[in-house]
Amino acid sequence: MAETKKNAGKLKNILKAPFVQEMCRTTANMYRLGWDERNGGNISYLLNEEEVAQYLDLGKVIRTIPTGFDATPLIGKIFIVTGTGKYFKNVEYDPETNLGIIRIAKDGTTAELLWGYKDGGRFTSELPAHLMSHISRLSVDPAHRVVMHSHPTYTIAMNTVCPADEKDFTHKLWQSNTESIVVFPDGVGILPCMVCGTNEIGEATAEKMKKFRLVVWTNHGIYGTGKDMDEAFGLIETVEKTAQIYMLTLGHTVNVIPDETLWGLAKRFDVTPLEGVLEK
Ligand code: 2HA
Ligand code: ZN
């Protein structure tokens, strides 16, 4: 007790922590871009334990919450995660209710709440897709940190009018905006329409994440990942901007970027395009 008090005296104000402020800024941006209506969207961000220890007593677990799936590779890892049913537009005004910081417990199936969800809430219903995606991305990129899910309008519209074929969808995006092949040369994965919030969609998303940083959920939205918030946000932002161009020009297109120029862009920016898109 005395020890906890002594440490607590030295702890910094968590509301000023860069990772809390980043979550506030990002959710506010996403809401204002019109990507995350009502309680749409969710973010999880893998934190550095030493950094969190400057703000929280890591020995103090507020409560435990079962996750309903096995996240053994993430035991001991700490995440800040948006809350279920919470609105992105409200996060900046009350982070402690709308966000939570959880640590995956030793059993791999329990989350230890270290901060947040102040009203008795819990993490996003999409936690399976988030944590399973973290496992996949960390296996291919040790610097990976962020999983972001959103409902950007034009991305969903484009996915509604185009075949759910990831090479064809990727090609259409690359053909519509010269930035696209440079920002996501690895392309966009696509899942068919599935019931969200389940372990099944989590497993299917994570399988795609072994290859892609971006995965579209047909008739629902998109997942973006990255080593930081800017990378995950920037990927979704570039897909959404390009999907907007595609939808605004649909049926009127005269100029698309030729494959020869796409190869030229890949060479100029030293990126490797997803195999099988430009080789046809
Ligand atoms: O939590 O976006 O996919 C709201 C959602 C579910
Ligand atoms: Zn969603």
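Residues numbered from 1 in each chain as written. Chains lettered and ligands numbered in written order. Predicted model: local features only at pLDDT ≥ 70, side-chain atom pairs only at ≥ 80, totals over all residues. Heavy atoms only, no water.

The chain goes by Rhamnulose-1-phosphate aldolase in an unreviewed UniProt entry, where it is assigned to Candidatus Scatosoma pullistercoris. According to the UniProt record, the Subcellular location (unreviewed entry) comment for the chain is "Cytoplasm". The UniProt entry for the chain carries the following text under Function (unreviewed entry): "Catalyzes the reversible cleavage of L-rhamnulose-1-phosphate to dihydroxyacetone phosphate (DHAP) and L-lactaldehyde." (UniProt positions renumbered as here; feature names shortened; annotations may be inferred.)

Caption draft 1: Summary view of the UniProt feature "binding site: Zn(2+)" (unreviewed entry) in the chain. Mapped onto this numbering, the UniProt entry gives "binding site: Zn(2+)" (unreviewed entry) at His 149, His 151 and His 220. The largest pairwise C-alpha distance within this set of annotated residues, which runs over 72 residues, is 10.1 Å, so the set is compact in three dimensions. A relative accessible area of 14% means that His 151 is categorised as buried. In this structure, His 151 is in contact with Gly 34, Trp 35, Asp 36, Glu 37, Gly 40, Gly 41, Ile 156, His 220 and Gly 221, ignoring residues within four places of it in sequence. Counting through the fold element by element, His 220 comes out in the loop between strand S8 (214-217) and strand S9 (221-226). (Buried < 20%, exposed > 50% of the residue type's maximum accessible area, 1.4 Å probe, protein only. Contact = heavy atoms within 4.5 Å. Helix = DSSP H or I, 4+ residues; strand = E, 2+ residues; numbered from the N terminus.)

Caption draft 2: Inspection of the pairing of strand S1 (residues 42-47) at higher detail. Taken across its 6 residues, S1 has 6 buried, putting it largely inside the fold. Here S1 runs beside strand S3 (residues 78-82); their pairing, made up of 4 bridges, is antiparallel. In the strand pairing of S3, Leu 46 is matched with Phe 79. (Pairing = 2+ DSSP bridges.)

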